[in-house]
Amino acid sequence: GDSVTQMEGPVTLSEEAFLTINCTYTATGYPSLFWYVQYPGEGLQLLLKATKADDKGSNKGFEATYRKETTSFHLEKGSVQVSDSAVYFCALSGASKGRRALTFGSGTRLQVQP
Amino acid sequence: ETGVTQTPRHLVMGMTNKKSLKCEQHLGHNAMYWYKQSAKKPLELMFVYSLEERVENNSVPSRFSPECPNSSHLFLHLHTLQPEDSALYLCASSQMTSGGEETQYFGPGTRLLVL
């Protein structure tokens, strides 16, 4: 079945550092790929998405490129801020579970220190 | 109200209680979902309602009972829960199309504690 693997956290960075959170996936067909962010005490918010190979999703300085050859969708940001501290989830939308439900990775906690 | 709303935001209940979680989406979507988020576990899909058809994860215990009276409202009825059911319950909605790509939008969640 479909699966998503994310790097273990927490990731601790200083403000203005470069961020990479790795995400790889296993899926049949051609899934859509997503990054969601969860701030403390809140639900998930869509951060960015990509629907086909070589697409780049971007939002709020974050970017991720859909790499079919490496089955990856790594999240990057050139300069993180304290306000970026949150848990980041990689997810894919495929045809598993009978409907197009999301399959999530386990989440990566990012802590940005001033 | 905009987006996806959930009530209550926090709930404490005993194992013999009966309670319901409510979700409402204001996005005109045709599919709604319940997810469970437990500490140190990936988000688990519990139920999907699309076009009034229910699809469920077979591992969800019968003490969780969903209800979808229309495309904008989704309930999760709870009865005789166990302490291990304590978690954040997230509702989501999407516009399901034949094309396949759908973005799900999440509510803020209900934090449930079972004593």
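Residues numbered from 1 in each chain as written. Chains lettered and ligands numbered in written order. Predicted model: local features only at pLDDT ≥ 70, side-chain atom pairs only at ≥ 80, totals over all residues. Heavy atoms only, no water.

1. A short note on the overall build of chain B
The number of helices and strands found in chain B is 0 helices and 11 strands. Taken over C-alpha atoms, the radius of gyration comes to 14 Å for chain B, in line with the 13 Å a tight globule of 115 residues would show. By principal-axis analysis of the C-alpha atoms, chain B measures approximately 45 × 30 × 30 Å. Out of the 115 residues in chain B, the part that is buried amounts to 48%. Long-range pairs, those at least 24 residues apart, make up 55% of the contacts in chain B between residues at least 6 apart in sequence. Entry remark: accessible area of chain B is about 5,600 Å², with carbon and sulfur atoms responsible for 50%. (Helix = DSSP H or I, 4+ residues; strand = E, 2+ residues; numbered from the N terminus. Rg over C-alpha atoms; globule rule 2.2 N^0.38 Å. Buried < 20%, exposed > 50% of the residue type's maximum accessible area, 1.4 Å probe, protein only. Contact = heavy atoms within 4.5 Å. Areas by Shrake-Rupley, 256 points an atom, 1.4 Å probe, with all protein chains shown as cover.)

2. What to know about the state of the cysteines
By the definition in use, this model includes 2 disulfides over all chains. Residue pairing for A:C23: its cysteine sulfur links by disulfide to A:C90, the two sulfurs lying 2.0 Å apart. A torsion of -70° about the S-S bond marks the disulfide between A:C23 and A:C90 as left-handed. Here A:C23 is found in strand β4 (residues 23-26), whereas its partner A:C90 is found in strand β10 (residues 86-93), with 67 residues between them in sequence. A:C90 matches A:C23 in its accessibility class, with the two residues each being buried. A sulfur-sulfur separation of 1.9 Å characterises the disulfide bridge that pairs B:C23 with B:C91. Taking the sign of the S-S torsion, -75° for the link of B:C23 and B:C91, the bridge is left-handed. Taken together, the positions of B:C23 in strand β3 (residues 18-25) and B:C91 in strand β9 (residues 87-94) put the pair 68 residues apart, joining distant regions of the chain. Neither B:C23 nor B:C91 differs from the other in exposure class; each is buried. (Disulfide = S-S within 2.5 Å.)

3. What about the sheet that holds strand β7 (residues 56-59) of chain A?
Through backbone hydrogen bonds, the strands of a sheet pair up, either in parallel or in antiparallel fashion. Residues and elements named next belong to chain A. Pairing is antiparallel across the open sheet formed by 4 strands, whose spatial order is β3-β9-β8-β7. Two strands in the sheet have a free side with no partner beyond their single neighbour: β3 (19-21) and β7. Strand-to-strand twist in this sheet, taken as the mean axis angle between neighbours without regard to direction, amounts to 15°. Bridge count between β3 and strand β9 (residues 75-77): 3 bridges; the pairing is antiparallel. Paired with L19 across the bridge in β9 is K77. (Pairing = 2+ DSSP bridges. Axes fitted to C-alpha atoms, helices over the stretch in contact; angles between N-to-C directions.)

4. Quick word on the interface of chain B and chain A
On the side of chain A, 21 residues touch chain B, which itself brings 24 residues to the contact. Here chain B meets chain A over a buried area of about 1,800 Å², counting both sides, of which 55% is carbon and sulfur. Between the two partners, chain B and chain A, sit 6 residue pairs in polar contact (both at pLDDT 80 or more). Of the residues belonging to the side of chain B that touches chain A, the class tally is 13 nonpolar, 7 polar and 4 charged. (Buried area = accessible area lost by both parts, 1.4 Å probe. Polar contact = N/O pair within 3.5 Å; in protein donor to acceptor, adjacent residues only side chain to side chain. Nonpolar A, V, L, I, M, F, W, Y, C, P; charged D, E, K, R; others polar.)

5. Regarding the packing of aromatic side chains
Within the structure shown, the criterion is met by 11 aromatic pairs over all chains. With a centroid separation of 5.3 Å and an interplanar angle of 80°, the aromatic rings of A:Y36 and B:F106 are classed as edge-to-face. Taken together, the positions of A:Y36 in strand β5 (residues 32-38) and B:F106 in strand β10 (residues 105-106) put the pair across two chains. With a centroid separation of 5.6 Å and an interplanar angle of 40°, the aromatic rings of A:F62 and A:Y88 are classed as tilted. Of this pair, A:F62 sits in strand β8 (residues 62-65) while A:Y88 sits in strand β10, placing them 26 residues apart in sequence. (Phe/Tyr/Trp six-rings, centres within 6.5 Å; stacked < 30°, edge-to-face > 60°.)

6. Structural notes on the sheet that holds strand β1 (residues 4-7) of chain B
Residues and elements named next belong to chain B. An order of β1-β3-β8-β7 is seen for the 4 strands of this open sheet, with the pairing classed as antiparallel. The two strands at the open ends of the sheet, each matched to only one other strand, are β1 and β7 (64-70). Geometrically, the sheet is characterised by an average inter-axis angle of 20° between neighbouring strands, direction not taken into account. Across 7 bridges, β3 lies against strand β8 (residues 73-79) in antiparallel orientation. Of the residues in β8, the one forming a bridge with L21 is L76.

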